[in-house]
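# Summary of structural features
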Amino acid sequence: ADDTKETEEEDEAVEMNGANQKSSIREKLGIADLPTVLIVGGGDGMGGIVSQAQAVGEKLQQIASSSGKSYQMVVVCGNNQAAQKELSPSQTSWGGDIEVSIQGFVNNMDDFMRASDILVTKAGPGTIAEASICGLPCILSSFLPGQEEGNVPYVVDNGFGCYQGTPEGIADTVQKWLEASTENEGNMLE
């Protein structure tokens with residue numbers, strides 16, 4: 001019986017350390033300590049990143065308005081300066097209940113992943129591997145036929161994400177996972 005209690009206490013300590021780590025990483029990145037959706041499009045900011053960010057931003061604002069909670073979206077545009085410029089209007093255009101951080105190319109993607117709760121990305125193998133190591137659930141938004149296509153069933157079949165090919169589908173999945181996280185004590189995919 002004592003072994004079980006010690007294991008539960010160790011699990012709780014690890015969980016608390018992870019939560020504290022996420023908060024400190026967010027502070028280091030200069031972003032708010034809120035439930036965070038990270039949208040990335042690879043080094044070139046591909047895959048419809050603007051329409052995805054707009055749909056997710058609108059959905060987060062709806063969720064925030066109806067729940068009274070605040071949320072955050074971080075968009076890493078890579079080298080896509082046009083996307084970065086288009087998504088960088090004043091905070092008021094996103095709504096008052098969400099924080100939005102628009103980034104260009106970053107060299108610390110691992111920190112952004114560890115600071116986030118949901119990842120929206122194309123099905124690149126490096127990003128998927130890094131997200132799985134971080135325990136970050138993935139919404140795959142697109143894939144290169146042949147080269148990345150097999151990554152979609154890998155993510156889905158192993159239970160750490162899904163595929164949604166439209167901005168609206170991505171936004172709806174974000175809502176579903178955030179609501180499930182609240183209901184299931186942080187576990188979005190249950």
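Just above sits the structure.
Let me begin by describing the structure that accompanies this report. Predicted model, so just to flag it, every value in this text is computed and none were measured. (Residues numbered from 1 in each chain as written. Predicted model: local features only at pLDDT ≥ 70, side-chain atom pairs only at ≥ 80, totals over all residues. Heavy atoms only, no water.)

### Some remarks on the environment of Ile39
- Tracing the chain through its elements places Ile39 in strand β1 (residues 36–40).
- Dropping the residues within four chain positions of it, Ile39 is found in contact with Ile49, Gln52, Ala53, Val56, Met73, Val74, Val75, Val76 and Val120. (Helix = DSSP H or I, 4+ residues; strand = E, 2+ residues; numbered from the N terminus. Contact = heavy atoms within 4.5 Å.)

### With respect to the pairing of strand β2 (residues 71–76)
- Extensive coverage of β2 is indicated by the burial of 6 of its 6 residues.
- Burial along β2 is two-sided: Tyr71, Met73 and Val75 and Gln72, Val74 and Val76, pointing in opposite directions, are all buried.
- Across 5 bridges, β1 lies against β2 in parallel orientation. Counterpart to Val40 in the pairing with β2 is Val76.
- Inspection of the sheet shows β2 paired to strand β3 (residues 98–103) by 6 bridges, in the parallel sense. Across the sheet, the residue bridging to Val76 is Gln103, located in β3. (Buried < 20%, exposed > 50% of the residue type's maximum accessible area, 1.4 Å probe, protein only. Pairing = 2+ DSSP bridges.)

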